[in-house]
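Spelled out, the chains give:
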Amino acid sequence: MSAAPAFAAPASYNDARINIQGGSASSLAGCLNYARVSARHNLHPQANFCRNIADASGGNVQLHNVSLFVDQESNRPGRAYNNATVNITGGDSTAVAACVNYVQGTATVSQVNTCRNSATATGGNVTLDNVDVTVVQSST
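In this text, all values refer to a predicted model and were calculated from it rather than measured experimentally.

**Side note on the nonpolar core**
Ranked by size, the top nonpolar core spans six residues in total: A25, A29, A54, A56, A95 and A97. Elements with a contribution of two residues or more to this core: β2 (25–34), β3 (47–57) and β6 (93–102). Ignoring sequence-local partners within four residues, the contact set of A54 consists of S27, A29, A95, V96, A97, S118, A119 and T120.

**A word on the environment of V100**
Mapping V100 onto the fold places it in strand β6. For V100, a relative accessible area of 44% puts it in the partly exposed group. Through-space distance from the C-alpha of V100 to that of G30 is 8.0 Å; in sequence the pair is 70 residues apart.

Reading the values: rules and limits
Residues numbered from 1 in each chain as written. Predicted model: local features only at pLDDT ≥ 70, side-chain atom pairs only at ≥ 80, totals over all residues. Heavy atoms only, no water. Core = buried A, V, L, I, M, F, W, Y, C linked by side-chain atoms within 4.5 Å. Buried < 20%, exposed > 50% of the residue type's maximum accessible area, 1.4 Å probe, protein only. Helix = DSSP H or I, 4+ residues; strand = E, 2+ residues; numbered from the N terminus. Contact = heavy atoms within 4.5 Å.

Keep in mind these values describe shape, not function.
Listed below in structure tokens is the structure:
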């Protein structure tokens, strides 16, 4: 019968993470037309005009003449686990343009509302110019 070793050789864990991300952007434009008071007092119908524009641009990432160097070395006996992650992303964007017409009571259908909405969302760009990414993983 053979005995199991009293201890196992320790493993070496090398995790390297580089995360470069552009900023996120959000934009909201809203218009609310509320006709409750006019409807109660039998006033003339309202005429509402609403024009919304919402623009959002995510942040850009520009790297010029950059070197990323990840060196993962292990001198411990046993197994070595090397994990390297390089993440470069532009920013996210969200744009919302909304118009809400709320009529309560005895309002007539002759109320005139004109609502023009425009929403534009553009995510961020990533530009790499003369960029070197070097990952060295070794175990001895």
